[in-house]
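In case you want the letters, here they are:
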Amino acid sequence: MIERTLLIKGRLGLHARAAAKLVRVASGFQSQVGLRRLEGDVTVDAKSILSVLMLAASRGTELQAFADGVDEEAAMDAIEQLFAEEFGEGKPEVSAITETPQEIRFNGLGVSDGIVIGQVLRMDDATQRVYRWRVAAPDLDRERQRFRAAVSQASDQIVAIKQQAGERFGKEHAYIFDAHLLLLEDEKLIGDVEHLINTEHVNAEWALKVICDRFLYLYSEIKDDYLRERGSDIEDVMRRLLVALSGVQFETRGLSEDAVVVSQDLLPSAVAELDLAHTQALATDTGGWTSHTAILARGVGIPAVVGLRDFYRRTRTGDRIIVDSTRNLVILHPSSATIERYQAEATTRASRPGPTDLKPQGPVHTQDGVEVLLRANVEVPSEFSAVATYGASGVGLYRSEFLLVRRGGLVSEDEQRVAYEAVAKVAGDHGAVIRLFDLGGDNLRAQFQEPEKNSALGLRAIRFALANEAVMREQVRAILRAAASGLLKIVLPMVADVSDVRRAQAIIEDEANHLREAGVRFAAVNIGAMIEVPSAVLMASRIAQIVDFFELGTNDLVQYTLAVDRGNDEVADWFRTLHPAVLHSIDQSLKAGRQAGIPVIVCGEMASTPAYVVLLIGLGATDLSMTPSAIPRVRRAIAGIDTENARRIAMDCLNCDTAEEVEGLVRDRLTERWPELFDSSNLPAPGKVRTVSSTNSDPAD
Ligand code: PEP
Ligand code: MG
């Protein structure tokens, strides 16, 4: 075996591209080739990219390279040469980096309208990578102190978040943070981590992960459902501590005024946790128009561009950035000319009357007098006031699973009752439709179940409820009790057939009987079915016989009809809301509802988009539920159209063969018939699945 000491000279260190070169060169030899980082005593196989990257070797790091085998000499020479040449990307590129960064534009998908000029705040999920390294005996004390400092930083954050949570999500959700604070003070948890650091000579991250995993295992064995769920609190606290240990600053109070949160992926729970007062926009590598993160961003009014693919890794916290979701665009390191043009546009926009200037309340009528109800979809209390602001006829969809967001676990029956009473109150006389927890899929799965291989087709929504009956029964009791003080209805998410509905109805009836027998105050509620999977569409006329109303979930209907993951930007071009198959499914479901004489609420993002709404009206929909801020533009469109023309256009769309044909037809016919309402800015763009936006002209062009 031969060994040589090599130095990383390149400014970027042993980054991914350099590591890939190294692995290719090392793999060309028969000998075993390895690298050892002297500091930290980490040894890795030089033929494995993952291992090499784990070295986390930055500029100036000294590495011990070694080769052992028949061609060890040649292997060592080749590796040494690669280091000497700085992996073939020496001077020119290095010097370019020191210059003012060039403006770069990234195209994604604007999912929540708005333009923001701000600074990048990278949001890193530090729990993804926990490495083990050896801590030398003299450094153990420092390592324990590092851990203590992280604990204290995490505690400070939680105290601040607790305060905000009370205001934004209601006081009843703030107390969860007491549990997190207690965990941080728990000598068992803290003591065990320190003990492991001491005895095993390991880094704090590793010790924390090992100890938390042990506790999580113990919790997973507990028979009591509620106690078992407390395991998620440990996970939450562990995540926070790992972030603190990583040195990544995600100090909510310290966010700059113009922070644009940039991340690879953002779970809905993470969006709900953001300090909305200081988060100006979101930009993520993954996601789609109907992903729950996008829905929430629209709900709380933060501009967002998703599906930016390779964007996150190119950013640094503090970089200048422009998020222009109306043009599906993010600009990194914008030039001063670009910033000026955007600033000018912002001023012009501000002086234009916006949709919020339109304040009528209640239903809207088409030109030929057909009444259409406009309801609100809501997820979190910060959206509640919008129900009244935009004149919604109650809450057409309350995505109750967001109640659990801040808990990372279940919420007690009483707390749920209080939350549902609050929704009923904001909904008023038109009432609120409470959807049973739609857990699974991209929705908060992390907190509740092991990742499933095919989560969209897995234990999601009503399946989760039926498989976790105790959870469902508790929620049903809370809704029935809350219904005694306001008009509430229950909708069953993602039912596949009559059987799912019957099983759920039996449980609801059973719980109503228990409450009656126990003399608890409650009220019976109407029960509806969400029609959002193809089997439910095909069986819609049968399902309609046994429910009080339908709710069409067009987001999932597109996803499942076309077999396109709604959160996967790789297949975003196949997510065609205007696909004839989707329109036929909507048509069939609306007809089934009409024939059975039950109301059909169309929710999902399709109902928020004026051009699509024309088709919905044409197919006979008269009850829509949408993001509250979309109500003014939908109201304006409906007030300007007549059902006869809408029907003709919708029928012609049903006769099309492809999504492109429907999109073309919609563009031509809507601009021809109602030029004052539709132009290229709010119609589907040719060859794109993009959302309609308010303008297309680029001030930076
Ligand atoms: C839908 O699927 O259209 C819907 C309204 O529900 P969600 O988007 O929450 O799945
Ligand atoms: Mg759905």
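None of these values were measured; they are calculated from a predicted model.

What to know about the overall build of the protein chain
Then, in step 1: Along the backbone of the protein chain there are 27 helices and 21 strands.
Then, in step 2: Looking at the protein chain as a whole, 57% of its 701 residues are labelled buried.
Then, in step 3: Long-range contacts, defined here as pairs at least 24 residues apart, represent 71% of the contacts in the protein chain between residues at least 6 apart.
Then, in step 4: Accessible area of the protein chain: about 29,200 Å², with a carbon and sulfur share of 50%.

Overview of the pairing of strand β12 (residues 329–332)
Then, in step 1: Residue alternation in β12 divides its side chains into two sets, L329 and I331 and V330 and L332, and both sets are buried.
Then, in step 2: Across four bridges, the pairing between strand β5 (residues 104–107) and β12 is antiparallel. Across the sheet, N107 pairs through a bridge with L329, a residue of β12.
Then, in step 3: Of the pairings in the sheet, the one linking strand β11 (residues 320–324) to β12 comprises four bridges and is antiparallel in character. Within β12, the residue paired with V323 across the bridge is V330.
Then, in step 4: Connecting β11 to the antiparallel partner β12 that follows it, the hairpin turn spans four residues, and N328 within it adopts a positive phi of roughly 55°.

Concerning the coordination of the magnesium ion (ligand 2)
Then, in step 1: Ligation of the magnesium ion (ligand 2) by protein atoms is provided by E532 (OE) and D556 (OD), these donors lying 2.0 to 2.2 Å from the ion. Of this pair, E532 sits in the loop between β18 (526–531) and α20 (534–538) while D556 sits in helix α22 (residues 554–562); the two residues are 24 residues apart in sequence, bridging distant segments of the chain. There is no split in this pair, since E532 and D556 are both buried.

Section: helix α23 (residues 580–596)
Then, in step 1: The end-to-end C-alpha distance of α23 is 24 Å, a good match for the 24 Å that 17 residues give at a rise of 1.5 Å each.
Then, in step 2: Among all positions in α23, only P580, V582, L583, S585, I586, D587, S589, L590, A592 and G593 are buried.
Then, in step 3: Phi turns positive, to about 70°, at G597, one or two residues after α23.

Some thoughts on the site of ligand 1
Then, in step 1: Around ligand 1 sit 15 residues, and of these H292, R399, R435, N555 and R566 come closest.
Then, in step 2: R399 places a polar side-chain atom, nitrogen or oxygen, 2.7 Å from an oxygen atom of ligand 1.
Then, in step 3: A distance of 3.5 Å separates an oxygen atom of ligand 1 from a polar atom in the backbone of G553.
Then, in step 4: When ligand 1 sits alone it has 280 Å² of accessible area, and the protein chains cover 100% of it.
Then, in step 5: Elements represented by at least two residues in the shell around ligand 1 include exactly α12 (292–300), β15 (395–399) and α22.

Side note on helix α25 (residues 631–640)
Then, in step 1: Counting buried residues in α25 gives seven out of ten residues, a clear majority hidden from the surface.
Then, in step 2: Every buried residue belonging to α25 is among I631, P632, V634, R635, A637, I638 and G640, and all of these are buried.
Then, in step 3: Elements in contact with the buried residues of α25: β13 (364–365), β14 (371–378), α24 (610–618) and β21 (623–626).

Concerning the pairing of strand β16 (residues 432–435)
Then, in step 1: Every second residue of β16 is oriented toward a common face, with A432 and I434 on one face and V433 and R435 on the other, all of them buried.
Then, in step 2: Judged from the four bridges that link them, β16 and strand β17 (residues 488–492) form a sheet pairing that is parallel. Paired with V433 across the strands is K489, a residue of β17.

Brief notes about the sheet that holds strand β8 (residues 259–263)
Then, in step 1: Here we have eight strands laid out as an open sheet, ordered β5-β12-β11-β7-β8-β9-β10-β6, and mixed in their pairing. Every other strand in the sheet has two partners, leaving β5 and β6 (109–112) as the edge strands with one partner each. Put simply, the sheet's adjacent strands are angled 30° from each other on average, direction ignored.
Then, in step 2: For strand β9 (residues 279–284) and strand β10 (residues 304–306), the ladder comprises two bridges, and the chain directions are parallel. What sits directly across from L282, in β10, is A304.
Then, in step 3: Lying on the sheet, α12 is in contact with β6, β9 and β10; it crosses β6 at an angle near 50°.

A few points about the packing of α22 against α23
Then, in step 1: It is the contact of α22 with α23, at a shortest axis distance of 10 Å, that shows an interaxial angle of 125°. As the angle between them shows, α22 and α23 are arranged oblique. Relative to α23, α22 is oriented so that their crossing is right-handed. Between α22 and α23, the contacting residues are T554, L557, V558, T561 and L562 on the first element and A581, V582, S585 and I586 on the second.
Then, in step 2: Residues belonging to the contact of α22 with α23 are distributed by class as follows: six nonpolar, three polar and no charged.

Some remarks on the pattern of salt bridges
Then, in step 1: Considering all chains together, one arrives at 38 salt bridges under this definition.
Then, in step 2: Between R481 and E413 there is a salt bridge, with its nearest N and O atoms 2.7 Å apart. Note that R481 is positioned in helix α18 (residues 469–482) and E413 in helix α15 (residues 413–427), a separation of 68 residues in sequence.
Then, in step 3: Taking relative accessible area as the criterion, R481 reaches 17% and is therefore assigned buried.
Then, in step 4: One salt bridge connects D510 with R473, and the closest N-O pair in it is separated by 2.9 Å. Taken as a pair, D510 in helix α19 (residues 498–518) and R473 in helix α18 lie far apart in primary sequence, 37 residues in all.
Then, in step 5: For D510, a relative accessible area of 27% translates into the label partly exposed.

What about the nonpolar core?
Then, in step 1: Grouped together as the largest cluster of nonpolar side chains are 113 residues, with contacts concentrated most on Y420, L492, F550 and L624.
Then, in step 2: If we ignore the near neighbours within four places in the chain, the residues touching L624 are V372, L373, L374, R375, I601, V602, A607, V613, L616, V634 and I638.

A closer look at the environment of G618
Then, in step 1: Tracing the chain through its elements places G618 in helix α24.
Then, in step 2: According to the relative accessible area criterion, G618 is buried, its value standing at 6%.
Then, in step 3: Linking G618 and I649, residues 31 residues apart in sequence, is a C-alpha distance of 7.1 Å.
Then, in step 4: With residues up to four places along the chain from it excluded, the contact list for G618 reads A646, R647, A650 and M651.

Some words on the sheet that holds strand β3 (residues 42–45)
Then, in step 1: Within the open sheet, the four strands sit side by side as β1-β4-β2-β3. Their pairing is antiparallel. In this open sheet, the two edge strands, each paired with only one partner strand, are β1 (2–7) and β3. Adjacent strand axes in the sheet meet at a mean angle of 25° when their direction is disregarded.
Then, in step 2: Alignment of β1 against strand β4 (residues 62–68), held across six bridges, turns out to be antiparallel. Each residue of the ladder has a partner; that of L7, found in β4, is E62.
Then, in step 3: Here helix α3 (residues 72–84) sits on the sheet in contact with β1, β2 (32–37) and β4, set at roughly 0° to β1.

Cut-off values and rules
Residues numbered from 1 in each chain as written. Chains lettered and ligands numbered in written order. Predicted model: local features only at pLDDT ≥ 70, side-chain atom pairs only at ≥ 80, totals over all residues. Heavy atoms only, no water. Helix = DSSP H or I, 4+ residues; strand = E, 2+ residues; numbered from the N terminus. Buried < 20%, exposed > 50% of the residue type's maximum accessible area, 1.4 Å probe, protein only. Contact = heavy atoms within 4.5 Å. Areas by Shrake-Rupley, 256 points an atom, 1.4 Å probe, with all protein chains shown as cover. Pairing = 2+ DSSP bridges. Donors = N, O, S within 2.8 Å, 3.2 Å for Na, K, Ca; no water. Expected span 1.5 Å × (residues − 1). Near = heavy atom within 4 Å. Polar contact = N/O pair within 3.5 Å; in protein donor to acceptor, adjacent residues only side chain to side chain. Axes fitted to C-alpha atoms, helices over the stretch in contact; angles between N-to-C directions. Parallel < 35°, antiparallel > 145°, perpendicular 65-115°, else oblique. Left-handed = near helix turned anticlockwise from the far one by under 90°. Nonpolar A, V, L, I, M, F, W, Y, C, P; charged D, E, K, R; others polar. Salt bridge = Lys/Arg side-chain N within 4 Å of Asp/Glu carboxyl O. Core = buried A, V, L, I, M, F, W, Y, C linked by side-chain atoms within 4.5 Å.

From the geometry alone we can't say anything about function, so treat these as descriptive.
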